[in-house]
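Here's the letter readout for the chains.
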Amino acid sequence: MFIPGHKHALLCSVFTLGFVVSVSPLSVSSARAATFDLTPAKSLSRVSPKSSQTKVSAEKDATGQTKIVAHADENIIVNAIRLRDRTNPDTTSLFRHSLGFSSYSAGGVSALPVLNGMADDRVATIVDGMRIASACPNHMNPTLSYVDPDSVATAQAIAGITPVSIGGDSTGGSIVVERRDPLFAEHGKLLVTGHVRGDYRSNGGGSGASGTITVANDTWSLRYTGSYAHASNYRTGGSNSRQVRSTSYLSFNHAVTAGFHKDNHLASVTFGQQDIPYEGFPNQYMDMTNNRSTYVNGKYKGDFDWGDLEARAYWQRVDHVMNMMNDKGGHTATTGMPMNTDSRSVGYSLKAIILLAPKHTLTLGSEFEHNGLNDWWPPLSGSMMMGPNTFHNINNGHRDRLGHYAEWNAQWLPRVSTLLGFRSDLIMMNTGKVAPYSWTGMMSMADAMAAQKFNASSRGRTDTNFDVTALVRWHPLDSLSIEGGYARKTRSPNLYERYSWAQGGMATSMIGWFGDGNGYVGNLNLSPEVANTASFTITWHDPTDDGWEVKVQPYYTYTHNYINVVRIGSFSDGMSKLQFVNHNAQSYGINSSARARLWKTEAYGTGEIRANLNWVRGQDLQNHSGLYHQMPTNGTVGLYETYQNWTGRIETTLVKSKSTVDWVRNEPRTPGYVLLGLGGSYRWRNFLLDASIENICNQKYYLPLGGMSLGDYKATGIMSPLQGMGRSFNVSLTASF
C-alpha cells in the first residue's frame, strides 16, 4: 500500500506483510463512545465528538474527578506495557514478557504460572481480590483460568520481593489481575459504550469472540461482558508435522457488573459464570469433561481525609468433572474413569491506607479465605478395579486462612524511600474419613489398607506462619535507581499435598499437577515452606526523553522445608510413585530487560527495540537434583514500530536446551529452539485489525515445561516430551462504539 507524500509507506508495508499482533506503546488509542445529554432543558440527543482523535466519554473515579479514559477497546496494561494481543484465550499469556515469568503447559485455557522458578500454589494469584484454589487433583482449573483476557484491565507479576499486602501464603511472588472498574458518565449525561471482538487461529482452527456493553449515568453503571473460545487439536512444526492429541477446548464466560458512585465512594458487585464443556490436557491421563464456576464478587473503595479504604468479599462455587475424551479412548457408562470435584470458596479482604505524614503511609489489612472441597470418583459399572463403591479422595476437606498485615511506606529523602511489612497467616486444615472403591477386593487392597491408616490418623492441622518484607529504594542519579531488600515468605501445603492418601498405582496416577506421568501420595506430616529471598533491581534509563532503559534483577532464595518428593515405588511403564516430603532447597538467577528507541521521525514514526533475558537455577539440597520444571535460559528480542494508525513487529524467541532436570521425577531434557514472529495492526475509525504469523519457520520444538505427551502416549505407545505449536496464522478484529 502506497501513501502519497510519505517515505514511510514501504517500511510499513514490510512490517504489516505478515500481519502479527503487535505490542503498542503507552499512548491511548482513539475510539468513540456514545454520550447523551440528560439535562432537563434538552431532549435526549447524541453529542458529537470533538474530533476523530478525542474520546468524548468520561469516567469519574472515587475522588469525584472526571477524566477521559480508554473505554471499549482499551488495551490491557501488563506491568506498564499496553498489549493488544488477545488471540490467546489463556490469561497467563499476558505475562509472557514479564521478568522471571514462565508457565507450565496444561489445557488451552489453564496454564500454571511460574515466577523465578516457583510455580502454581507458590505464586499468590489474585483476580479481583479473589484467590481461588484449584478444585482438581490435577489443577485443571487454576485461578487465572476463570478470567478471560479480554476483560482484564491491569495485570501485574511481582517476582521475588513481594509486599506483604499482596502476597500471603506464597513463596515465589504474586500475580494480581483486575477487571475493569465500572464506568460513569459526566453529570447529566448518559454513557453507552462497549466493543465486540472476534479472532481466528489457523493452527487447530481456534476461534474466539468477546464483547462488552456499558450503560451508565454519573451515579449508576451496568455492564455485561461475555466471551467464547474454542479450538481443536493443534499441529506441531517440522516437516513431519502431526496433531498433538488432547489439546482441544471450549469455554464460555459471562459476567454482569453493577456499580454505584457517590462523591468519594465507589461500590460494585459482579455476578459471573464460566462454563467449560470440555478441555483436553495433553500431559495428563485425564481430561476435563465439564467445569462450571459461579461467583459473586463485591468491592468498595472510599477516599477519606485520613486515607483510603478498600473492602472486598466474594463467594464461588465450582463443579468439576474429569474423564477421558476421545483422544484417550473416550468414556461411556462402562468405560473411562469418572472423577468429580465440588468446591466452595468464600472470603473477604479489608485494606486501609492511612496517611501518617505527607511522605509516610501505613497500610493495615485483614483477609480471610475458606476453601471447602469434596473429591470423589463414582464407580464404573462392571469394573472390578473401579467399583463397586465410590472412591472418596478428599471427603469434606477444608483449608481456611486468616491473615493480617501492616506495611509502612516512608519517603525519608527525595531520593531514598523504604518499605517495611509484617504479616501473619493462620492456616487451618482438616478432612473427613475416606474410602477406596472396595474394602475387600484384591485390586483395591493397597488403597484399602492406606484408607484405614489414614482414617485412624489425626488429620487436623494448624500452621501459624509469618512473613517479613524490607525494601529500600535509592535514586543516586536521575538516570539510575536501585531497589533491593529481603523477604521471608511462608506457604502451607495445599489439600492434595497433605491429604492424598491412596497407595494403589491407578489412584496415585490420578494425583499430580506436574504433567510428568508419575503418581503422587500426600503426607500428613508436611511442614510449611519458608523461603528467604534477597534480591535487588538496578534500573538505568534515559532521564530526559525516556529513550532507553536497562534493568537487571539478580536474586537468591533459600527455602527451608521446600515441598518436594521422594520415590517410593515404580510402575511398569517406567513412571514412578512419589510422595511429598520436606527438603531444603535453593534457587537463584538473573532477570534482565532492555529497550531503546531507534528512531522517532514524522516520516517513519517511532521504532523501538526491546529485549529480555531470564536465567534461573534450582537445586534440592538433600538429593542434589534440579528442582522440577525450571525454565532454561530464555529471552526475546523484538523490533517494534508505530506510525499513525499502523503498528508493526518482528520478534524472536530464544530458548536454550534444558539439561538441568529433576531426575527423581524422570524429567526429560529438551533441545533449544528459536521462534520467529512477524506482523502488524491497523486502526480505522472504530475498528482495530490485528493479525499475526506465529512460528513463521514452522519450527519443531519441545516445551521445556510441557511435561510428557501422555495423550499421544496412550494412542501410540511412544513417550516423549510435549511438542509446541507449529506455524499459525492469526487474525483479530475489534469494533468499538
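Notes on the structure in this doc start here. Everything quoted here is computed from the prediction, not taken from an experiment.

**Here's the deal with the packing of aromatic side chains**
Moving on, step 1. According to the stated counting rule, one finds 23 aromatic pairs in the structure shown.
Moving on, step 2. Measuring from centroid to centroid gives 5.5 Å for Trp 408 and Trp 412, while their planes differ by 75°, and the two rings are edge-to-face.
Moving on, step 3. In this structure Trp 408 comes out as partly exposed when scored by relative accessible area, which is 33%.
Moving on, step 4. Residue classification places Trp 412 among the partly exposed positions, given a relative accessible area of 46%.
Moving on, step 5. Against the face of Phe 466 rests Arg 488, its NZ or CZ located 3.8 Å from the ring centre.

**Here we look at the side chain of Asn 465**
Moving on, step 1. Within the element layout of this structure, Asn 465 appears in strand E23 (residues 461-477).
Moving on, step 2. A polar atom in the side chain of Asn 465 sits 3.0 Å from the side chain of Ser 492.
Moving on, step 3. Sequence-distant contacts of Asn 465, that is, excluding residues within four places in its chain, are made with Arg 423, Ser 424, Asp 425, Ile 427, Thr 490, Ser 492 and Pro 528.

**Structural notes on the sheet that holds strand E7 (residues 112-115)**
Moving on, step 1. Spatially, the three strands line up as an open sheet ordered E6-E7-E8, and their pairing is antiparallel. Looking at which strands have only one partner, the edges of the open sheet turn out to be strand E6 (101-104) and strand E8 (118-119).

**What to know about the pattern of salt bridges**
Moving on, step 1. With the rule as written, the count across this model stands at 35 salt bridges.
Moving on, step 2. Between Glu 651 and Arg 649 there is a salt bridge; the shortest N-O distance is 3.9 Å. Just as Glu 651 is buried, Arg 649 falls in that class too.
Moving on, step 3. Residues participating in the shared-partner salt-bridge network are Glu 367, Glu 369, Arg 401, Arg 423 and Asp 425.

**Things to note about the environment of Ile 394**
Moving on, step 1. By the element assignment, Ile 394 lies in strand E21 (residues 391-413).
Moving on, step 2. Residue class for Ile 394 comes out buried when judged on its relative accessible area of 1%.
Moving on, step 3. The contacts of Ile 394, once residues within four sequence positions are left out, are Leu 373, Asn 374, Asp 375, Thr 431, Leu 495, Tyr 496 and Tyr 499.

**A look at the nonpolar core**
Buried together is how nonpolar side chains tend to be arranged in soluble globular proteins.
Moving on, step 1. Judged by nonpolar contacts, the single largest core of 75 residues is most densely connected at Tyr 104, Met 286, Met 337, Trp 377, Trp 501 and Phe 580.
Moving on, step 2. Not counting chain neighbours up to four residues away, the residues in contact with Met 286 comprise Asn 138, Met 140, Phe 281, Met 322, Asn 323, Met 324, Lys 328, Met 337, Met 339 and Met 510.
Moving on, step 3. One finds Leu 115, Val 127, Ile 175 and Val 177 within the second-largest nonpolar core, a separate group that totals 14 residues.

**Here we look at the environment of Met 322**
Moving on, step 1. Position of Met 322 among the secondary structure elements: in strand E18 (residues 307-323).
Moving on, step 2. Assessed through its relative accessible area of 1%, Met 322 is described here as buried.
Moving on, step 3. Along the chain, Met 322 and Asp 287 lie 35 residues apart, while their C-alpha atoms are 5.6 Å from each other.
Moving on, step 4. The residues touching Met 322, leaving out its near neighbours within four places in the chain, are Cys 136, Pro 137, Asn 138, Met 140, Met 286, Asp 287, Met 288, Thr 289, Met 337, Pro 338 and Met 339.

**Some points on a nonpolar patch on the surface**
Moving on, step 1. Taken together, the side chains of Phe 536, Ile 538, Trp 540, Val 550, Val 552, Ile 590 and Trp 615 define a hydrophobic patch exposed on the protein surface, amounting to about 570 Å² of accessible area.
Moving on, step 2. Mapped onto the nonpolar patch, the elements with two or more residues apiece are strand E26 (529-541) and strand E27 (548-570).
Moving on, step 3. Residue contributions to the nonpolar patch peak at three residues, all from E26.
Moving on, step 4. Within the fold, Trp 615 resides in strand E29 (residues 605-620).
Moving on, step 5. With a relative accessible area of 31%, Trp 615 lands in the partly exposed category.

Rules and cut-offs
Residues numbered from 1 in each chain as written. Predicted model: local features only at pLDDT ≥ 70, side-chain atom pairs only at ≥ 80, totals over all residues. Heavy atoms only, no water. Phe/Tyr/Trp six-rings, centres within 6.5 Å; stacked < 30°, edge-to-face > 60°. Buried < 20%, exposed > 50% of the residue type's maximum accessible area, 1.4 Å probe, protein only. Lys NZ or Arg CZ within 6 Å of the ring centre and 35° of its normal. Helix = DSSP H or I, 4+ residues; strand = E, 2+ residues; numbered from the N terminus. Polar contact = N/O pair within 3.5 Å; in protein donor to acceptor, adjacent residues only side chain to side chain. Contact = heavy atoms within 4.5 Å. Pairing = 2+ DSSP bridges. Salt bridge = Lys/Arg side-chain N within 4 Å of Asp/Glu carboxyl O. Core = buried A, V, L, I, M, F, W, Y, C linked by side-chain atoms within 4.5 Å. Patch = residues over 30% accessible without salt bridge, like charges linked within 9 Å, V, L, I, M, F, W, Y side chains within 5 Å. Areas by Shrake-Rupley, 256 points an atom, 1.4 Å probe, with all protein chains shown as cover.

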